[in-house]
Amino acid sequence: MAENIKSGGKETLLDIKGLSIHYKTEDGTVRAVNDLNFKLNKGETIGLVGETGAGKTTTALGILRLVPDPPGKIVGGEILLDGEDLVKKTEAEMRTIRGQKISMIFQDPMTSLNPVMPVRDQIAEVILLHEKVTAAEALKKAEEMLDLVGIRAERAKEYPHQFSGGMRQRVVIAIALACNPGLLIADEPTTALDVTIQAQVLELMKNLKQEFNTAMIMITHDLGIVAEICDKVAIMYAGSVVEFADKYELFKNPKHPYTIGLFNSIPDIDTDVDNLKPIKGLMPDPTDLPPGCPFHPRCDNVKPECSQKMPQNLEVSENHFVKCLLFDDRR
Amino acid sequence: MNFCLYKYIFKRLGMMVPVLLGVMLIIFFINHITPGDPAVILLGDRADIQDVENLRREMGLNDPFFVQFFRYVGNVIRLDFGTSFVPPHRTVWEEISMRFPTTMQLAALSVVFAILMGIPLGIISATKQYSIFDNIATVIGLLGVSIPNFWQGMLFIMLFSVTLGWLPAAGWSGPQTWILPAITIGTSSAAVIMRMTRSTMLEVVRQDYIRTARAKGQKESTVIYKHALKNALIPVVTVVGLQFGGLLGGAVLTETIFSIPGLGRYVVQAVNQRDYPTVLGGVLLMALAFSFVNLLVDILYAFIDPRIRSQYK
């Protein structure tokens, strides 16, 4: 069922099926990602939304096979990129994919650049790795990339500490896009930035994404950003995608109780309320997930079988998937 | 940029002057309050009291403390460090310049050995944390710092000189004689450098920019040696500098065991013989050498880290 997502005529770029990533620690196994499914077409943007600790970053690192091992390990599932399973690739094969076919923008631009290397060299490094160019050509292309993200060429030889947070994130974007990857993973790229800079950086990413025709996974907990730039949305809870649909469909017609709770917890500017409406309770401890549906202790529509049966990924309407027993006809 | 660095070096050299004056004052004061009369030492226990008094006056020992002190400082500025009290009464300058090169050579060899052992072992320990290799390296490191130099030196002599007969047991007359003392002294430094490299590397490889380098598709070895190592070097360079500076003061026990004509042993001898000019000159040279090593370390910082370099503007 989940395997038969219709792609509406577009070519599928990334198809994640049943991905599970666990961290084995002394305090127990942290089940960071559990049976995660979603699918992304070429040139599309998907928003990966969830609370802190929902497994968004682990999913992203898993796609790049950069989950720190030990303690982390991909314990099951497939990550199909252009039909090839990344989980089965060797480390050497992955190195040709990282930076070239998939690249990543990290959350904190203040720490994601090497402080002892000029920014130009950091961009040239990725170009030299994946393209057949001389060092001089790579440096020249690095300066062109800097120009593209709005940093003047004469600042190319400067070091990260000489740039502001927003400028550094531009450098990180230049590194990520330098080899024109088919897939860009952006892990909360604007969370660490000032609000005014956030808008600039988002605008830049949106434009460059269109220019390079790059597909993007936008990890965020900001539904505003999702509304702004995403085509599809995957809502994550406790390491799993609980609802996955087209952006308009999901905003208009949310199904999963968690998604509904998320929308309800956004304050409305037109109505004054004394208390905000958060989802009651806390995210479960990933070393000790509740049995059955991990959301059932917080769910308003909880049924007796919710604590016993693990919900399957169900297509409730075309290209709208929900992982909830309320929609399971077989129950 | 370079001009700024020169200005900084010049400033730091200027700052050495008060440091050295302070060192001189302290040593001079300690010498002054130490029991024992240089005149008596020079003339012997059974000397005539009048002769002693005459010599004291001649040497200026009856003058007030600060008069004596500034006279000494004045002499030092003219590079006159006085004459040794002990026969054959050579000038301190002569005595020290005979011995300092040996000490410097020994210190340099030991530190080179320590760096060659410590940094690579530290890196491997960090990249393979909690592996068998890491555990073995940790135990060896602990032994390295814990084993006293003199004991290790004696074991080395027994094994490599007496039993196996591979290397000479004493002296300082060519590469063969350098090996055992350099390794003896270098072992504990290597252990300290290894532990420091390990802990800073462990911290650095968890940084976001290391993940960025991996996400570029970079080889793990390049990630470690190009991206991580340079960022981990600052604390390592600090430790190497401290070890080297310390060794320039001479390694008294090791010099004694291997009969090396170095500065440390000589100065200790001078202290026992109340040979004040030699003690003063020797300690002054050690302080100067230490200050220079510190300056060198600070300049190295600037080459390693552009953030520090930009502070020199």
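What you are looking at is a predicted structure, and each value in this text was computed from that prediction instead of being measured.

Enquirer: Explain the sheet that holds strand β6 (residues 102-105) of chain A to me, please; I cannot follow it from the model alone.
Expert: Sheet strands pair by backbone hydrogen bonding; their relative direction is either parallel or antiparallel. All names here are of chain A. Overall, mixed pairing links the eight strands, which are arranged β6-β7-β8-β3-β9-β10-β12-β11 in an open sheet. Bordering the open sheet on either side are β6 and β11 (314-317), each of which pairs with just one other strand. Across the sheet, the mean angle separating the axes of adjacent strands is 25° when strand polarity is ignored. As paired strands, strand β9 (residues 232-237) and strand β10 (residues 240-246) are joined by six bridges and run antiparallel to one another. Residue M236 lies in a different strand from β10, and its bridge partner there is V241.

Enquirer: Explanation requested: the packing of helix α5 (residues 92-127) of chain B against helix α6 (residues 132-146) of chain B in the structure shown.
Expert: The axes of two packed helices give the description: the angle between them and the distance between them. All names here are of chain B. Taken N-terminus to C-terminus, the directions of α5 and α6 make an angle of 135°; their axes are 8 Å apart at the nearest point. Judged on the interaxial angle alone, α6 and α5 are oblique. Where α5 crosses over α6, the two elements pack in a sense that is left-handed. On the side of α5, the interface is formed by L121, I124 and S125, while α6 contributes F133, D134 and A137. Across the contact of α5 with α6, the residue classes tally to four nonpolar, one polar and one charged.

Enquirer: Teacher, can you tell me more about the confidence of the model for chain A here?
Expert: Low pLDDT marks regions whose predicted coordinates should not be analysed in detail. Scored by pLDDT, chain A comes out at a mean of 85, with 96% of its residues at no less than 70. Taken together, the stretch residues 1-8 of chain A has pLDDT below 50 and engages in 14 contacts with residues farther than four places along the chain or on a different chain.

Enquirer: In this structure, what is going on with the nonpolar core? I would like to understand it.
Expert: Among soluble globular proteins, nonpolar side chains are generally buried collectively. Formed by 152 residues in total, the largest nonpolar core has its most connected members in I123, A174 and I217 of chain A together with I193 of chain B. Those residues in contact with A174 of chain A that sit more than four places away from it in its chain are I123, M145, L146, L148 and V149 of chain A.

Enquirer: In this structure, what is going on with the pairing of β6 of chain A? I would like to understand it.
Expert: Taken residue by residue, a regular strand's side chains alternate between the two faces of the sheet. Residues and elements named next belong to chain A. Judged by which residues are buried, β6 turns out to be covered on both faces: I102 and M104 on one side and S103 and I105 on the other are all buried. The pairing of β6 with strand β7 (residues 183-187) spans four bridges and is classified as parallel. The residue of β7 that forms the bridge with M104 is I185.

Enquirer: Can you walk me through the interface of chain B and chain A in this structure?
Expert: One frequent convention defines the size of an interface as the accessible area lost when the parts assemble. With 19 residues of chain B at the interface, the matching set in chain A holds 24 residues. Mapped by element, the contributors of at least two residues to the side of chain B that touches chain A are α9 (208-215), α10 (220-248) and α14 (306-309) of chain B. Residues of the side of chain B that touches chain A, tallied by class, amount to five nonpolar, six polar and eight charged.

What counts as what
- Residues numbered from 1 in each chain as written.
- Chains lettered and ligands numbered in written order.
- Predicted model: local features only at pLDDT ≥ 70, side-chain atom pairs only at ≥ 80, totals over all residues.
- Pairing = 2+ DSSP bridges.
- Helix = DSSP H or I, 4+ residues; strand = E, 2+ residues; numbered from the N terminus.
- Axes fitted to C-alpha atoms, helices over the stretch in contact; angles between N-to-C directions.
- Parallel < 35°, antiparallel > 145°, perpendicular 65-115°, else oblique.
- Left-handed = near helix turned anticlockwise from the far one by under 90°.
- Contact = placed C-beta atoms within 7 Å.
- Nonpolar A, V, L, I, M, F, W, Y, C, P; charged D, E, K, R; others polar.
- pLDDT = per-residue confidence, 0-100.
- Core = buried A, V, L, I, M, F, W, Y, C linked by C-beta atoms within 7 Å.
- Buried ≥ 20, exposed ≤ 12 C-beta atoms within 10 Å, placed from the backbone.

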